Amino acid sequence: MRLPERQLAVLEAASATDERTIGEIAAETGLKSETVTGAAFDLRDEELLSVVETAAETLGLTDEGRRYVDDGLPETRLHRAGLVLDADEAAVSMGRVIGEADLDGPEVDIALSNFARKGFGSIDSGELTVASDGDPVSDPEAAALAALAEGDDPAVDDAVLDQLDSRGLVDRGESVTRSVTLTDDGVDALMAGIETTETVAQVTPELLASGEWRDVEFSEYNVEADAPAARGGRKHVLRRTADRVKDVLVGMGFQEMEGPHADSDFWINDCLFMPQDHPARTHWDRFALDVPPMEGIPDELMARVEAAHRDGWGIDGDGYHSPWSQEFAREVALRGHTTSLSMRYLSGIAGAELEPPQRYFSVEKVYRNDTLDPTHLLEFFQIEGWVMAEDLSVRDLMGTFEEFYRQFGITDIRFKPHYNPYTEPSFELFGEHPETGEEIEIGNSGVFREEVTGPLGVDCDVMAWGLALERLAMLTTGAEDIRDLHGTLADIEFLRDAEVSY
């Protein structure tokens, strides 16, 4: 048998009875670790060596963790400052203790959130008290950080490491140790004797120029050998879904709208015939901005919208008879839906063509002060759309949805009657999740009321909708949580591998 010199060196350094690591063989042979690894895999393929891989967790300190080793954890510094100010005897103003601890910026929130959690004391009505039995000296989190800084095993429970990991103070990774053992065939080959052969791994300019390439023996190239996965950049799954939505709607004859993310309450809600005392218009649900009120809203349009709110529109209109002020209408907030764009376009202020029939859409981000859960985020993308034409009906609206979702392979859309202040009739859309079988809401729709279209100067029917892009992506990718698609909890492997099916 003939083997390259490096493979023979590795084979002779291996043992038939004891596992030897790649590092040990590299030290004995003087070869680089990567050379030994490559030779070991080649010998494994020849069944002369067995290779065992053992994975182990690695722990290291982040930059923030190293800083806390030197300066002390923020909660420890807060405890120490409290003792200096005698907060163990009487409550002290929290501001004084923070100043004494020399905490600033994010460290203040970190210190306050962990101070009580660790039993160092309590905070009540802006005053801090140090607990008599609080003991930062025996804090396992601080001890673990100190041990890692010294290169030692932290010797703490996994729960402590999980806490440090969640705080961003440690880096958790994985190392792989490879060990080799001679197989019976390897032992037989060594006993029979092995000759060395010089092989060339690649063609070089010198080999070509001299013509020596004709006489040398080239190493075999194993196309099945393990190799690190090379991943290039890829468009985000949500962006690919949005692009597909745009292609579908343009193909259905729609034009795209665009407009500001921060807009006046007039465009966001007042034009939609949403009363100004509606719960959704309080600070609990909207993100108001501390900026000057919006000017440039046509006075005539403002007056017509106010009249619709106060007295209704048309012969049978009644209105809300509730408080209404131009000052509130001009206040600026982050839009809670992209219907603000529809109002701008339908009013003519955005320069849209308003001779029916017309079709417009947008796929833009909106902002709502919602509670985070598997189907809600504080910011998400909405598929807005409207059609202006004579004699529109609910059947036209339902048919539009059925055609739109059919382009994504979704044919089981269900409709449920609903109430909106701005559409009548109205209904919600539901689809079945492909993995869980759960029915999830994917949109809201209806035909705009006369109180919406009348003040805008529109005298024909307008059907409109707001669909959730993320929930459409959940149906097409199988994601079970909206936070799988974007945000801090998103799985990078899912984003790399998920396909937008249609």
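About the criteria used
Residues numbered from 1 in each chain as written. Predicted model: local features only at pLDDT ≥ 70, side-chain atom pairs only at ≥ 80, totals over all residues. Heavy atoms only, no water. Buried < 20%, exposed > 50% of the residue type's maximum accessible area, 1.4 Å probe, protein only. Helix = DSSP H or I, 4+ residues; strand = E, 2+ residues; numbered from the N terminus. Pairing = 2+ DSSP bridges. Domains from an automatic or database assignment. Patch = residues over 30% accessible without salt bridge, like charges linked within 9 Å, V, L, I, M, F, W, Y side chains within 5 Å. Areas by Shrake-Rupley, 256 points an atom, 1.4 Å probe, with all protein chains shown as cover. Salt bridge = Lys/Arg side-chain N within 4 Å of Asp/Glu carboxyl O. Lys, Arg positive; Asp, Glu negative; His and termini not counted. Charge placed at Lys NZ, Arg CZ, Asp CG, Glu CD. Disulfide = S-S within 2.5 Å. UniProt positions renumbered as here; feature names shortened; annotations may be inferred. Contact = heavy atoms within 4.5 Å. 1 Å grid on protein atoms, 1.4 Å probe; cavity = no way out; pocket = protein on both sides within 12 Å on 5 of 7 lines; lining within 4 Å.

## Notes on the pairing of strand E6 (residues 127-130)
Thinking step 1. Of the two faces of E6, the one lined by Leu128 and Val130 is fully buried and the one lined by Glu127 and Thr129 carries no buried residue.
Thinking step 2. As paired strands, strand E4 (residues 92-93) and E6 are joined by two bridges and run antiparallel to one another. Pairing of valine 92 across the sheet is with leucine 128, part of E6.
Thinking step 3. The sheet contact formed by strand E5 (residues 121-124) and E6 spans four bridges and is antiparallel.

## Digging into the domain arrangement of the chain
Thinking step 1. Looking at the assigned domains, one finds that the chain contains domain 1 (2-59 + 175-214) and domain 2 (238-497).
Thinking step 2. Between the C-alpha centres of domain 1 and domain 2 the distance comes to 64 Å.

## Let's talk about the environment of glutamate 220
Thinking step 1. Within the secondary structure, glutamate 220 is located in the loop between strand E10 (217-218) and helix H12 (237-251).
Thinking step 2. The class for glutamate 220 is exposed, based on a relative accessible area of 76%.
Thinking step 3. When the C-alpha atoms of glutamate 220 and threonine 199 are compared, they prove to be 9.0 Å apart, with 21 residues separating the residues in sequence.

## Details of a negative patch on the surface
Thinking step 1. Among the surface-exposed residues, Glu46, Glu47, Asp184, Asp185, Asp188, Glu217 and Glu220 lie close enough to one another that they form a single negatively charged patch.
Thinking step 2. Summarising the element assignment, glutamate 217 is placed in strand E10.

## What about the state of the cysteines?
Linking two cysteines covalently via their sulfur atoms produces the bond known as a disulfide.
Thinking step 1. Applying the stated criterion across every chain yields a total of zero disulfides.
Thinking step 2. Not engaged in a disulfide, the cysteine cysteine 271 finds its nearest cysteine sulfur in cysteine 460; these two sulfurs lie 17 Å apart.

## Looking at the UniProt feature "binding site: Mg(2+)" (unreviewed entry) in the chain
Thinking step 1. This chain's UniProt record puts "binding site: Mg(2+)" (unreviewed entry) on Glu424.
Thinking step 2. Following the sequence through the fold, glutamate 424 ends up in strand E18 (residues 423-432).
Thinking step 3. With relative accessibility at 52%, the residue glutamate 424 sits in the exposed group.

## Notes on a nonpolar patch on the surface
Thinking step 1. A surface patch of nonpolar side chains, amounting to about 370 Å² of accessible area, comprises Val203, Leu208, Trp213 and Phe218.
Thinking step 2. Within the secondary structure, phenylalanine 218 is located in strand E10.

## Topic: the side chain of histidine 309
Thinking step 1. You can see histidine 309 is positioned in helix H14 (residues 299-311).
Thinking step 2. Residues in contact with histidine 309, not counting those within four places in the same chain, are Asp270, Phe273, Met274, Pro275, Gly319, Tyr320, His321 and Trp324.

## Points about the UniProt feature "binding site: L-phenylalanine" (unreviewed entry) in the chain
Thinking step 1. Per the UniProt record, the feature "binding site: L-phenylalanine" (unreviewed entry) sits at Thr339, Gln382, Ile383, Glu384, Tyr422 and Phe448. Considered against the largest pocket, the annotated residues that line it turn out to be Thr339, Gln382, Glu384, Tyr422 and Phe448.
Thinking step 2. Among the structural elements, threonine 339 can be located in helix H16 (residues 339-347).
Thinking step 3. Using a relative accessible area of 10% as the deciding quantity, one classes threonine 339 as buried.
Thinking step 4. Filtering out sequence-adjacent residues up to four positions away, threonine 339 remains in contact with Leu272, Gln382, Glu384 and Phe448.
Thinking step 5. Along the polypeptide, isoleucine 383 turns up in strand E16 (residues 379-389).
Thinking step 6. The contact partners of isoleucine 383, leaving out residues within four places of it in the chain, are Val245, Leu249, Ser362, Val363, Phe404, Trp465, Gly466, Leu467, Leu469 and Leu472.

## Some remarks on unusual backbone geometry
Thinking step 1. The residue after proline 356, namely proline 357, is reached through a cis peptide bond having omega 0°.
Thinking step 2. When you line up the elements, proline 357 lands in the loop between H16 and strand E15 (358-367).
Thinking step 3. In the segment running from glutamate 424 into proline 425, the intervening peptide bond is cis, with an omega of 0°.
Thinking step 4. The backbone of glutamate 47 shows a phi angle near 65°, a positive value even though the residue is not glycine.
Thinking step 5. With respect to the secondary-structure elements, glutamate 47 resides in the loop between helix H3 (33-45) and strand E3 (49-61).
Thinking step 6. Take glutamate 47: its relative accessible area is 52%, and that puts it in the exposed class.
Thinking step 7. Residue serine 125 is not a glycine yet carries a positive backbone phi of 55°.
Thinking step 8. One can find serine 125 in the loop between E5 and E6.
Thinking step 9. The exposure class of serine 125 is exposed, given its relative accessible area of 73%.

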